[in-house]
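# Coordinate inspection notes
Okay, here's what each chain looks like letter by letter:
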Amino acid sequence: MTDYEKTPRSPTTAITATSRSFMLKSDDIEVQRPVDEVHFKDEKELEGGSDGRSIAPMRKYTIHWWKKTWDGAIRIGTWPRLLYCAIGLIFLACWIGIMLSFVGAEVLHGQSRGGSKLRANLFPAETKNLQESVHRQNAGSDAEYTILLKGSLVNFDMEKRNLAISWSGLFSYNKSEEPVEFGLADDPNSPSFEYGIEIYRDVSSEPVNATYVEEDGNVNVTSWAWTYRVDNRTAKPIGVIGKHSWDSFDTDITFTQKRAKDAWRQPLLGYPFDQWHGEIVFVANNVIVADFFNITAGGVMEIAGIQLADSTLNWRFTFEFDNTCGGPEGTSTIDYTTPNVSTLPRFCHTKIEFDGVRPPLLIFCAVAAVLVNWSCALFIFVLTCEAIIMRRSYMLQGTDILSMCFTALFALPTIRSLLPGAPAYGAIIDLVGILPCTLIVALCAVCVSVAKLNKRYKSQKEE
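Residues numbered from 1 in each chain as written. Predicted model: local features only at pLDDT ≥ 70, side-chain atom pairs only at ≥ 80, totals over all residues. Heavy atoms only, no water.

This part covers the overall build of the protein chain. Within the protein chain, the regular secondary structure consists of 9 helices and 19 strands. With 463 residues in all, the protein chain has 36% of them scored as buried. Sequence-distant contacts, at least 24 apart, represent 67% of the contacts inside the protein chain between residues at least 6 apart. Carbon and sulfur atoms make up 58% of the accessible area of the protein chain, which totals about 27,800 Å². (Helix = DSSP H or I, 4+ residues; strand = E, 2+ residues; numbered from the N terminus. Buried < 20%, exposed > 50% of the residue type's maximum accessible area, 1.4 Å probe, protein only. Contact = heavy atoms within 4.5 Å. Areas by Shrake-Rupley, 256 points an atom, 1.4 Å probe, with all protein chains shown as cover.)

And the structure:
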């Protein structure tokens, strides 16, 4: 051996007490390499196993590289903490954003629903004096006015299937102006009908001859005219509007299914995708006109617009209405002085049709609850199968899996009771997303209990 090979203080041959020698045999010469335990471990991971075959260095962004990097980050602790805090904040921000977007959609829906839906200003016969009595000063006798109804949603009772709405009257001299309430003393555009306007429900009206005689100077002039009269002589008005600003009346509208032969749209059964439908018919009678013609309920006038305000929790209502007092859409005048009754509309009433559905926010919450239920149930099912079928006995040690099964057995049905606007138990969502998940968890709890008892029995028998 040379002095270089035998020198104990040589950089290539120095050996400490904690070093490990790696022996290379070449011509019976032993060469020692100064590699300690840590470096030797890292070198073996790079060079290969005990057979000495070398492999390529570890590549970045591989599974093994990520595992080692993550293990190192956990030992430090900074980045993992920042990561799970960021994930929690992102989840919270996403949830709040989704909720605010749904709330914003509800607000926009309420604003779009609040507008009036006006047709042409069409009225049965009224005398010149009666027209001027409700026209504003200096407006001219040919000014046209419109009567509207404004409804405020009060409550929707799912069990009774009734929608409660409180109605009041609005007035406009023409459809280009914003409607105002009746009887406002400080508003010159707000009139007050001395005898009020009677409102009838679920009736229609029919044309009736209302020829009258007016005095024109010293000559009595007979004027041919038609008016409309409520077709049900025994009907009583449900309210009177037009005299005071606080005049109002309440209605309960019965709702039924909108789509037949569609289980997912059936009321209550198809929660949260159920669709409801209801309708109501109104007829307005000007009392002073009826008295002038001396015809009972014979002063029927057109309800030219509908407004719907407010909202009901967990429900979204829309409406469409059909005004039959006029001719085709866009017609501006109808001659009520013609002797030919066939030129007049057959009926005069306003029919309002309501559609009720669940808002998107409620549907989102219900679907999310079903997904959570199924995720938990399937997770417990997989754990149970792994522990029993795959015979992973370590999973049966202790009471972890058993306590999880019994906790989920009572927790999952509770999620259903937290759903907004949920009906009584028995809807399709219960049969699809609640009941099967509860049964799966219950069966898993039984299987785990039997497996643990069987394992304990075998252990005692072996002893």
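Let's shift gears to the environment of glycine 270. Relative to the elements of secondary structure, glycine 270 occurs in the loop between β14 (248–257) and β15 (275–286). For the pair formed by glycine 270 and isoleucine 428, sequence separation is 158 residues and the distance between their alpha carbons is 5.8 Å. Once residues lying within four places of it in the same chain are set aside, the contact partners of glycine 270 are Ala263 and Trp264.

Below, the discussion takes up the side chain of serine 190. Within the secondary structure, serine 190 sits in the loop between β7 (180–181) and β8 (197–201). One polar contact links the side chain of serine 190 to the main-chain amide nitrogen of glycine 183, over a distance of 3.1 Å. One polar contact links the side chain of serine 190 to the main-chain amide nitrogen of leucine 184, over a distance of 2.9 Å. (Polar contact = N/O pair within 3.5 Å; in protein donor to acceptor, adjacent residues only side chain to side chain.)

It is worth spelling out the state of the cysteines at this point. A complete count under the given rule lists 1 disulfide for this structure. The disulfide partner of cysteine 325 is cysteine 348, and the S-S distance across this bridge is 2.0 Å. With the S-S bond torsion at 90 degrees, the cross-link from cysteine 325 to cysteine 348 turns out right-handed. One end of the pair, cysteine 325, is in the loop between β18 (316–323) and β19 (350–357); the other, cysteine 348, is in the loop between β18 and β19, and 23 residues separate them in sequence. (Disulfide = S-S within 2.5 Å.)

What follows concerns the packing of aromatic side chains. Two descriptors summarise a pair of aromatic rings, namely the distance from one centre to the other and the angle between the planes of the rings. A full pass over the atoms with the stated rule returns 16 aromatic pairs. With centroids separated by 5.8 Å and ring planes inclined at 70 degrees, the aromatic side chains of phenylalanine 182 and phenylalanine 193 adopt a geometry described as edge-to-face. Of the two residues, phenylalanine 182 is situated in the loop between β7 and β8 and phenylalanine 193 in the loop between β7 and β8; the sequence distance between them amounts to 11 residues. With centroids separated by 6.1 Å and ring planes inclined at 25 degrees, the aromatic side chains of tryptophan 315 and phenylalanine 317 adopt a geometry described as stacked. By way of ring pairs, the aromatic residues Phe156, Phe255, Trp276, Trp315 and Phe317 are connected into one cluster. (Phe/Tyr/Trp six-rings, centres within 6.5 Å; stacked < 30°, edge-to-face > 60°.)

The subject of this paragraph is the nonpolar core. Among the nonpolar cores identified, the biggest contains 34 residues, and Trp167, Ile197, Phe282, Ile352 and Phe354 are the most heavily contacted of them. Counting only elements with at least two residues in this core, the list comes to β5 (146–157), β6 (162–172), β8, β14, β15, β17 (303–309), β18 and β19. Non-local contacts of isoleucine 197, meaning those with residues more than four positions away in its chain, are made with Ile147, Phe182, Gly239, Val240, Ile241, Ala284, Asn285 and Met301. In terms of nonpolar packing, the next biggest core, distinct from the first, is built from 17 residues, Ala387, Met395, Ala445 and Ala451 among them. (Core = buried A, V, L, I, M, F, W, Y, C linked by side-chain atoms within 4.5 Å.)

This paragraph deals with unusual backbone geometry. Phi is mostly negative for residues that are not glycine, and the peptide bonds are mostly trans. Cis geometry marks the peptide bond from tyrosine 271 to proline 272, where omega comes out at 5 degrees. Turning to its location among the elements, proline 272 is positioned in the loop between β14 and β15. You will see that leucine 268, though not glycine, has its phi angle at about 70 degrees, which is positive. Counting through the fold element by element, leucine 268 comes out in the loop between β14 and β15.

To continue, consider a nonpolar patch on the surface. Taken together, the side chains of Trp264, Phe273, Val367, Leu371, Tyr425, Leu431, Val432, Leu435 and Leu439 define a hydrophobic patch exposed on the protein surface, amounting to about 830 Å² of accessible area. Breaking the nonpolar patch down by element, the ones donating at least two residues are α7 (360–388) and α9 (428–462). Per element, the largest residue contribution to the nonpolar patch is 4 residues, and it comes from α9. Position of tryptophan 264 among the secondary structure elements: in the loop between β14 and β15. Of the residues examined, tryptophan 264 reaches a relative accessible area of 40% and is grouped as partly exposed. (Patch = residues over 30% accessible without salt bridge, like charges linked within 9 Å, V, L, I, M, F, W, Y side chains within 5 Å. Salt bridge = Lys/Arg side-chain N within 4 Å of Asp/Glu carboxyl O.)

Counted according to the given criterion, the structure contains 10 salt bridges. In this structure, aspartate 355 engages lysine 258 in a salt bridge whose closest nitrogen and oxygen atoms are separated by 3.3 Å. Linking aspartate 355 in strand β19 with lysine 258 in the loop between β14 and β15, this pair joins segments that are 97 residues apart in sequence. By relative accessible area, which is 43% here, lysine 258 ends up partly exposed. For arginine 416, the salt bridge identified is with aspartate 430, shortest N-O distance 2.7 Å. Pair noted here: arginine 416 is in helix α8 (residues 400–417) and aspartate 430 is in helix α9, with a separation of 14 residues, a long-range link.

On to the confidence of the model for the protein chain, then. Averaged over all residues, the pLDDT of the protein chain equals 77, while 73% of them reach at least 70. Low pLDDT, under 50, characterises residues 10–26; the stretch is placed with 32 contacts to residues that sit more than four places away or in other chains. Throughout residues 35–49 the model reports pLDDT below 50, and contacts reaching past four residues in sequence, or to other chains, amount to 26 contacts. (pLDDT = per-residue confidence, 0-100.)

For the rest of this paragraph, the subject is the packing of α7 against α8. Two elements in contact, α7 and α8, have axes whose closest approach is 11 Å; the angle formed by their N-to-C orientations is 160 degrees. Judged by the inter-axis angle, α7 sits roughly antiparallel to α8. Between α7 and α8 lies a crossing of left-handed hand. Of the residues in α8, those in contact with Ala369, Val372, Asn373, Cys376, Phe379, Ile380, Leu383, Thr384 and Ala387 of α7 are Ile401, Met404, Cys405, Ala408, Leu412 and Ile415. Here the residues of the contact of α7 with α8 are counted per class, giving 13 nonpolar, 2 polar and no charged. (Axes fitted to C-alpha atoms, helices over the stretch in contact; angles between N-to-C directions. Parallel < 35°, antiparallel > 145°, perpendicular 65-115°, else oblique. Left-handed = near helix turned anticlockwise from the far one by under 90°. Nonpolar A, V, L, I, M, F, W, Y, C, P; charged D, E, K, R; others polar.)

Moving on, we get to the side chain of aspartate 247. Its place among the elements puts aspartate 247 in the loop between β13 (239–241) and β14. Within the buried core, aspartate 247 has no salt-bridge partner, and the shortest N-O distance to an opposite charge, that of lysine 243, equals 7.9 Å. Of the polar contacts made by the side chain of aspartate 247, one reaches the backbone nitrogen of lysine 243; its length is 3.1 Å. Polar side-chain contacts of aspartate 247 include one of 2.7 Å to the backbone nitrogen of histidine 244. Sequence-distant contacts of aspartate 247, that is, excluding residues within four places in its chain, are made with Trp167, Ser168, Gly169, Val240, Ile241 and Gly242. (Lys, Arg positive; Asp, Glu negative; His and termini not counted.)

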